[in-house]
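Breakdown of the fold
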Amino acid sequence: MAGLPLHVALPDLATTCKLGQRLGELAAPGDIITLSGDLGAGKTTLTQAIGKGLAVPADHYITSPTFGLLHEYPGRLPLYHMDFYRLGGEEELLELGVEEYLEGEGLCVIEWPDRLGSLMPTERLQLELTVNGPTSREATLTAFGDRWRGRLTILAGEFS
Ligand SMILES: Nc1ncnc2c1ncn2[C@@H]1O[C@H](COP(=O)(O)OP(=O)(O)OP(=O)(O)O)[C@@H](O)[C@H]1O
Ligand SMILES: [Mg+2]
């Protein structure tokens, strides 16, 4: 079941980075964050900040996983960054072993999550980015399941 959405204004890149970093700091083993929004909305940029919050070493630079669909980075928790923009179909997800990552003890951050189809996890934080200016975005965060609910309250206090 989805909780009440939290809207966070991101007037500049620095605020997006601050939000991402807090998400990384608050992440717990087995968490899943889905990132939706148009091409260039800032999903990968946000993932880089999540990596910073997770203490992914700076020499592990988080890029768009154009080739391979999934990249893994070490940190306080393993970060599994997935980008399904170029996904062929659900059978490719199974070949990738995506279910093991989704059920694993790291943090999954998933761009273009709609491509997951029936594999979409019921417990997740859904984050949608809307572009409303050259450097301005709005993030809408919705907790599906209980795991993120309390942490959204914390974020609501920090980003209001
Ligand atoms: N407030 C902001 N938040 C996030 N990105 C911003 C912001 N302002 C400007 N940008 C810029 O917008 C671009 C976002 O690109 P990014 O690759 O993160 O998008 P994306 O959503 O991952 O795109 P794709 O769908 O192609 O993977 C970056 O160049 C970033 O610097
Ligand atoms: Mg991207």
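The rules we used
- Per-chain numbering applies: the sequence of each chain, read as written, is numbered from 1 onward.
- As a convention, the first chain written is A and the first ligand written is 1, with the rest following in written order.
- Only residues with pLDDT of at least 70 get local features here, since the model is predicted, and only at 80 or more are side-chain atom pairs given and counted; chain-wide, interface and lining totals rely on the full set of residues.
- Helix and strand assignments follow DSSP, with helices taken as H or I runs no shorter than four residues and strands as E runs no shorter than two, numbered in order from the N terminus.
- Exposure classes come from backbone-placed C-beta atoms, where a residue is buried if 20 or more other C-beta atoms lie within 10 Å of its own, exposed if 12 or fewer do, and partly exposed in between.
- Paired strands, as defined in this entry, are two strands with at least two bridges between them according to DSSP.

Points about unusual backbone geometry
Backbone geometry places alanine 55, a non-glycine residue, at a positive phi of 65°. Tracing the backbone through its elements, the reader meets alanine 55 in the loop between helix 2 (43-53) and strand 3 (70-73). Although it is not a glycine, tryptophan 112 sits at a positive phi angle of roughly 55°. Position of tryptophan 112 relative to the elements: it lies in the loop between strand 5 (107-111) and strand 6 (124-131). Note on tryptophan 112: 19 C-beta atoms within 10 Å, which makes it partly exposed.

Some remarks on the pairing of strand 5
Within strand 5, five of the five residues are buried, leaving the element largely enclosed by the surrounding structure. Of the two faces of strand 5, the one holding Leu107, Val109 and Glu111 and the one holding Cys108 and Ile110 are both buried throughout. Sheet topology places strand 2 (residues 32-36) next to strand 5; four bridges connect them, and they run parallel. The residue bridging leucine 35 from the neighbouring strand is glutamate 111, located in strand 5. Here five bridges tie strand 4 (residues 79-83) to strand 5, and the two strands are oriented parallel to one another. Across the sheet, residue methionine 82 finds its bridge partner in strand 5, namely isoleucine 110.

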